[in-house]
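Letter by letter, the chains look like this.
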Amino acid sequence: MSTIKPGVLVISHGSREPKWVSLVDEAVGKLAARLDMPVYSSYLELVEGRLIQDGITALESKGVTDLLVIPLFVSAGSTHVDEIAYAIGAKDVPELETELDLFQVQARVHFGTPMDDDPDVALMVWDKVKALSVQPEKEVVLLIGHGSRHGSFRRRWEQGMSSLGGRVSEISGTNADYALLSPGDVRDKAILWKERGCDVIVAPLFLSEGYFTEKVIPERLAGLNCRYSGHTLLPHPLLTQWMESQAVHLLQSLNL
């Protein structure tokens, strides 16, 4: 019987902003310290020398036979998750046309799931905004995600965020709702809740701080007097815990 050697390949989007990358790397580094197997933090784009193929090659050079792939994305509605799953060999056909070339992979691929409405994500969301809460019963936590212009992917965003909002509401005692930057219903949702007499606490459902959280969301909410800190999911210890649970689940599927 051939020897099985698993390794974890974490894949996130990437950014030109060093802080964005360093926050992801820090969380993945903590994951590596908790697992007895090789771990590599890779990026879809924008981080030269650390792209997905670099990660595959690095892990396989260490003798890894089974790649435990963790898509570090906040929603299954991300078209990137679909194209990555296709290019790495986890699905035969992408749902949308992609320019992503097939990766060169010798190891067996075991593909995880994005974050969506995981209970740990709800706890992270509330941890990031609870300092803004004064009277939970008179407040709404408005989750804001990137979204998608593609119908089936947009529905996945909506389904995941709706369920996540329910979890946040249970934890916090606030109302909860969601809005998407694409399509752009952020301002309309905020106005709706203010007209209902609620104070709006804005929770950006983004992995790390950057252009969307620092520029786009504040512009969409300009003049509405919402409570917004801009704090994203990272840094947070539960994100490493979420990745570890993903890795353990995939590892168990190998029947070692």
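## Details of helix α7 (residues 211-220)
For step 1, the next point in the chain: For α7, the full list of buried residues reads T213, V216 and I217. Buried positions in α7, seen along its axis, are confined to an arc of 115 degrees and lie on one side of it.

## Details of the side chain of D66
For step 1, the next point in the chain: Relative to the helices and strands, D66 is located in strand β3 (residues 66-71).
For step 2, the next point in the chain: There is a polar contact of 2.8 Å between the side chain of D66 and the side chain of R108.
For step 3, the next point in the chain: In terms of polar contacts, D66 uses its side chain to reach the side chain of H110, at 2.7 Å.
For step 4, the next point in the chain: Those residues in contact with D66 that sit more than four places away from it in its chain are I4, K5, P6, G7, A107, R108, H110 and L254.

## Description of the pattern of salt bridges
Pairs can form between side chains of opposite charge whenever their charged atoms are close.
For step 1, the next point in the chain: Under the defined criterion, the tally for this structure stands at 14 salt bridges.
For step 2, the next point in the chain: One salt bridge connects R108 with D66, and the closest N-O pair in it is separated by 2.8 Å. Here the residue R108 occupies a position in strand β4 (residues 108-111), and D66 occupies one in strand β3, the gap between them amounting to 42 residues.
For step 3, the next point in the chain: Take R108: its relative accessible area is 43%, and that puts it in the partly exposed class.
For step 4, the next point in the chain: Overall, the relative accessible area of 2% leaves D66 in the buried class.
For step 5, the next point in the chain: Of the charged contacts, one joins R154 and E158 as a salt bridge, the two residues approaching to 4.0 Å between their closest N and O atoms. Within this pair, R154 and its partner E158 are both found in helix α5 (residues 151-172), separated by four residues, close to a single helical turn.
For step 6, the next point in the chain: In this structure, a network of salt bridges that share partners links the residues D82, K91, E95 and R156.

Thresholds, definitions, all that
Throughout, a residue's number is its position along its own chain's written sequence, starting from 1. The predicted origin of the model limits local features to residues at a pLDDT of at least 70 and limits the giving and counting of side-chain atom pairs to 80 or more, whereas totals for whole chains, interfaces and linings rest on all residues. Neither water nor hydrogens contribute to the side-chain values; these are computed over all heavy atoms in the structure. Only protein chains enter the accessibility calculation, which uses a 1.4 Å probe; a residue is then buried when its area is under 20% of its type maximum, exposed when over 50%, and partly exposed in between. Numbering goes from the N terminus for both helices and strands, where a helix is a DSSP run of H or I of at least four residues and a strand is a run of E of at least two. In this description, one arc is meant: the one made by directions from the helix axis to the C-beta atoms. Under the rule applied, a polar contact is a pair of N or O atoms within 3.5 Å (in protein, one hydrogen donor and one hydrogen acceptor; residues adjacent in sequence only if both atoms are side-chain atoms). Residue contacts are counted whenever heavy atoms from the two residues lie within 4.5 Å of one another. Salt-bridge detection follows one rule: a side-chain nitrogen of Lys or Arg within 4 Å of a carboxyl oxygen of Asp or Glu.

Function cannot be read off these values alone, since they describe shape.
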